[in-house]
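# Geometric and topological summary
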Amino acid sequence: MIYRFTCIVCPLGCSIEVEVENGEVKEVRGYKCPRGMEWAVQEVISPKRVVMTVIPVEGGALPTVSVKTAEPVPKEKIPELMRFLAKLKLKAPVNVGQVVAEWEGIKIVATRGA
Amino acid sequence: MEPMPQIPILSYDVVVIGGGPAGMAAAIKARELGLNVLLLDENDYLGGILPQCIHPGFGLHYFKEELTGPEFASRLAKRLVELGVEYRTAARVLEIKNYSDLEKVVIFTSPTGVYQVWAKAIIYAAGARERHAFEIGIVGDRVAGIYTAGEAQTLMDIYGVLPGKEIVIVGSGDVGLIMARRFALEGAKVKAVVELMPYPGGLARNVMILRDFNIPLYLSHKVVEVRGKGRVQRVKVVKVDENLNEVPGSEFWIEADTLVISAGLVPNVKKLKKIGVEIDPATGGPVVNDRLETTVPGIFVAGNALLINDLVDYVAEQGELAAEGAKEFIENGGIESKKWVKVKKGQNVRLIAPHYLSGDHDVYLYLRVARPMENVELRIPGIGKKLRLPVVKPAEMIRLKLRAKEIQKASEKLTVEVVRA
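Described below are features of the structure shown in this document. (Residues numbered from 1 in each chain as written. Chains lettered and ligands numbered in written order. Predicted model: local features only at pLDDT ≥ 70, side-chain atom pairs only at ≥ 80, totals over all residues. Heavy atoms only, no water.)

### Details of the overall build of chain A
The following threshold applies: Where helices and strands are cited, they refer to DSSP runs of H or I of at least four residues and of E of at least two residues respectively, numbered from the N terminus. Based on C-alpha atoms, the radius of gyration is set beside the globule rule, defined as 2.2 Å times the residue count to the power 0.38. Throughout this description, buried means an accessible area under 20% of the type-specific maximum (1.4 Å probe, protein chains only), exposed means over 50%, and partly exposed covers the range between. Note on contacts: a residue pair qualifies if any of its non-hydrogen atoms lie within 4.5 Å across the two residues. When charges are counted, neither His nor the chain ends are considered; positive counts come from Lys and Arg and negative counts from Asp and Glu. To locate a charge, the coordinates of NZ of Lys, CZ of Arg, CG of Asp or CD of Glu are taken.
For chain A, the count of helices and strands is two helices and ten strands. Along its sequence from the N terminus, chain A presents helices and strands in the succession β-β-β-α-β-β-β-β-α-β-β-β. Taking 13 Å as the expected radius of gyration for a compact globule of 114 residues, we find that chain A reaches 18 Å, considerably beyond that expectation. Each principal axis of the C-alpha atoms in chain A carries an extent, and together these give about 55 × 30 × 20 Å. Taken across its 114 residues, chain A has 41% of its residues classed as buried. Contacts spanning at least 24 positions in sequence make up 42% of the contacts within chain A whose residues lie at least 6 apart. Charged side chains in chain A number 16 positive and 13 negative. The centres of these two groups are separated by 8 Å.

The structure is reproduced here in structure tokens:
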């Protein structure tokens, strides 16, 4: 199986190919720096993303606060995390940087005050 | 007839119009430089468009760490408050008047009434507006469910309302791609992103989003028609050839309840045009010198009102630069230069700013290419400047630093070109 990516580590945007056989990375091609190679391998083995959403807030200046995960989350777990976040409700005051919830050890941080 | 009520008069060194990243950075810098500054914003909150841009990717250059839009905005807002910068939200500017170089008036309404502010300089940082459905030639029924990307973003990320369930997005620029991710994350089905050009309009890291959520991207296609009863029901898509002409017989329909238009931004310059500021048709923003001063002395411009940026970091940088310009203008009663070197667009340069350089200062040139190219050199033959670039794309603004010394080598003009290395 060959995975093809446009590298997003820097603006060069190298076209990287990762060849995987029996769940193991066999060869990586097309990268111009080690950071790009590491990123592409990570993308194949366990892609992770920072997740962002908004949570309803009572009594704030705006009806929601925006939040993000304090660290990147495995991609396949994102739908589950989103369902967890969809149930949350907050009360003002909320400050930027405040941890408003935790999910499987991952902190959910407010990125907007209310 | 009752006599006209007296409009209260306020007086400042500089008025900043727009409380987004450009305006806030300008106001902060102006205050730090010892100017008496007032910031006006028509929204109820500071930050401009940033409080609704809840995704990460902001501030890597300016704050040296990766922030979300609201976080970037709140850092600037905090600094603004610490410095005691005066600001008014819900303040809508009605008119700008330019009486003389050091006498400018801004008239604004606010919840506490109408005011006129006299100032020596104005920094205009009113951002951009979005292009809408009619502007890109979409015809059909006038139905609910058609939004610009920014409107959909405001609904979802400020008010917590999902604008639709099955969504077609027009435009694969960063805004369109980022909205595709937000819709998909929140459980809507993004049925297609439709892009007129043969290549995606956004940064590579945002094009990845489509892969993450299995969203189909139709390159060299356009949405031409929208149909529905009361609400969007389907949109018609057609293929285009290399001259962007519709290919006959290639049309197909996509069922959707929502159409999101993300077809680019246009600098917000109406009020500047009214007072005679010269506009560059390529950037859509004002013609400026290296202090970001427009062709009306003492009126400075920064951020997306100057040209459409892709990084907020550059927007904030422009705000600071405009503030330095305002300081120089107020202190010296004008910005003088022995000569102005005109910046000219050469091969594969679609737009560039600033337009005039004094050679008195180091300067950042901001430019975009017209079409993607690999293995190129950015060249300024007049001064022997060369910069190797492995790849250039219209979506990625190029920022080039020129030293005052280098500029001084130029005669009356300087041509910037992007050519094969």
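Still more ground to cover, so stick around.
### Observations concerning the packing of aromatic side chains
Residues and elements named next belong to chain B. Rule in force here: Between rings of Phe, Tyr and Trp, where Trp is taken as its six-membered ring, a pair exists when centres lie within 6.5 Å; planes separated by under 30 degrees are stacked, by over 60 edge-to-face, and by other angles tilted.
Throughout the structure, instances matching the rule amount to nine aromatic pairs over all chains. When the centroid spacing of 5.9 Å and the interplanar angle of 35° are considered together, the rings of Tyr-62 and Phe-72 count as tilted. Of this pair, Tyr-62 sits in the loop between strand 3 (56-58) and strand 4 (67-68) while Phe-72 sits in helix 2 (residues 69-82), and the two are ten residues apart along the sequence. Look at Tyr-62 and you get partly exposed, because its relative accessible area is 24%. Taking relative accessible area as the criterion, Phe-72 reaches 0% and is therefore assigned buried. Ring plane angle 20° and centroid distance 5.3 Å describe the contact between Phe-108 and Tyr-115, whose orientation is recorded as stacked. A single burial state applies to Phe-108 and to Tyr-115, both of which are buried.

### Comments concerning the environment of Ala90(B)
Note that Ala90(B) resides in the loop between strand 5 (86-88) and strand 6 (92-100). With residues up to four places along the chain from it excluded, the contact list for Ala90(B) reads Asp41(B), Glu42(B), Asn43(B), Asp44(B), Thr109(B), Ser110(B) and Pro111(B).

### What to know about the nonpolar core
Residues and elements named next belong to chain B. For clarity, the threshold we go by: The definition of a nonpolar core used throughout is a set of buried Ala, Val, Leu, Ile, Met, Phe, Trp, Tyr and Cys residues joined through side-chain atoms within 4.5 Å.
Within the largest apolar cluster, 72 residues are counted, with the highest numbers of intra-cluster contacts made by Ile-96, Phe-108 and Ile-123. With ten residues, helix 7 (residues 312-332) is the single largest residue contributor to this core. In this structure, Ile-96 is in contact with Ile-17, Val-105, Ile-122, Tyr-124, Lys-271, Leu-272, Ile-275 and Ile-299, ignoring residues within four places of it in sequence.

### Comments concerning the sheet that holds strand 13 (residues 189-194) of chain B
Residues and elements named next belong to chain B. Put simply, the test is: Here a strand pair is declared whenever DSSP counts at least two bridges between the two strands. Axis definition: a line fitted to C-alpha atoms, limited for helices to the stretch in contact. Angles are taken between N-to-C directions and run from 0 to 180 degrees.
Here five strands make up an open sheet; going across it, the order is 11-18-12-13-14 and the pairing parallel. Here the strands that pair on one side only, and so sit at the sheet edges, are strand 11 (146-148) and strand 14 (217-218). Bridging between strand 11 and strand 18 (residues 258-261) involves three bridges; their strand directions are parallel. Following the sheet pairing, Tyr-147 is matched in strand 18 by Val-260. Packed onto the sheet, helix 4 (residues 174-185) meets strand 12 (166-170), strand 13 and strand 18 and runs at close to 170° relative to strand 12.

### Notes on unusual backbone geometry
The omega angle of the peptide bond from Ala92(A) to Pro93(A) is 0°, so this bond is cis rather than trans. Positionally, Pro93(A) belongs in the loop between strand 8 (90-91) and strand 9 (99-103). Going from Ala353(B) to Pro354(B), the amide bond is cis rather than trans, its omega being -5°. Residue placement: Pro354(B) occurs in the loop between strand 22 (349-353) and strand 23 (356-357). Positive phi values are uncommon outside glycine, yet Leu244(B) reaches one of about 65°. Mapped onto the elements, Leu244(B) comes out in the loop between strand 16 (231-239) and strand 17 (252-255). Leu244(B) gets classed as partly exposed once you look at its relative accessible area, which sits at 33%. A positive phi is found at Asn375(B), a non-glycine position, where the angle reads about 55°. With respect to the element layout, Asn375(B) can be found in strand 25 (residues 373-380). Judged by relative accessible area, Asn375(B) falls into the partly exposed class, the value being 43%.

### Quick word on the interface of chain A and chain B
The following threshold applies: Using a 1.4 Å probe, buried area is obtained as the accessible area two parts lose upon being combined, added over both of them. Here, a salt bridge means any Lys or Arg side-chain nitrogen found within 4 Å of an Asp or Glu carboxyl oxygen. Pairs of N or O atoms within 3.5 Å make up the polar contacts considered here, provided that, within protein, one atom can donate a hydrogen while the other can accept it, and that residues adjacent in sequence are counted only when both atoms are side-chain atoms. Asp, Glu, Lys and Arg are counted as charged, while Ala, Val, Leu, Ile, Met, Phe, Trp, Tyr, Cys and Pro are counted as nonpolar; the rest, among them Gly, fall into the polar class.
On the chain B side, the residues contacting the 26 residues of chain A number 28 residues. Taken as a group, Ile8(A), Met52(A) and Arg112(A) account for 24% of the area that chain A buries against chain B, more than any other trio of residues on that side. Summed over the shared surface of chain A and chain B, the number is three salt bridges. One salt bridge in this structure joins Arg49(A) and Asp212(B), with 2.5 Å as the shortest N-O distance. Linking chain A with chain B are ten residue pairs in polar contact (both at pLDDT 80 or more). Only strand 1 (2-6), helix 1 (34-45), strand 5 (52-58), strand 6 (64-69) and helix 2 (78-86) of chain A provide two or more residues apiece to the side of chain A that touches chain B. Classifying every residue of the side of chain A that touches chain B gives 15 nonpolar, five polar and six charged.

### What about the packing of helix 1 (residues 21-32) of chain B against helix 2 of chain B?
Residues and elements named next belong to chain B. The condition is simple: The scheme is simple: roughly parallel for angles under 35 degrees, roughly antiparallel for over 145, roughly perpendicular for 65 to 115, oblique for anything else. Helix crossings get a hand from a simple test, with the near helix turned counterclockwise from the far one by less than a right angle marking a left-handed crossing and a clockwise turn marking a right-handed one.
Contact geometry for helix 1 and helix 2: axes closest at 10 Å, N-to-C directions at 25°. Judged by the angle between their axes, helix 1 and helix 2 are roughly parallel. Remark: the crossing between helix 1 and helix 2 carries left-handed chirality. Residue-level inspection shows Pro-21, Met-24, Ala-25, Ala-27, Ile-28 and Glu-32 of helix 1 in contact with helix 2, the latter providing Phe-72, Ala-73, Leu-76, Ala-77, Arg-79 and Leu-80.

The analysis is restricted to geometry; functional conclusions fall outside its scope.
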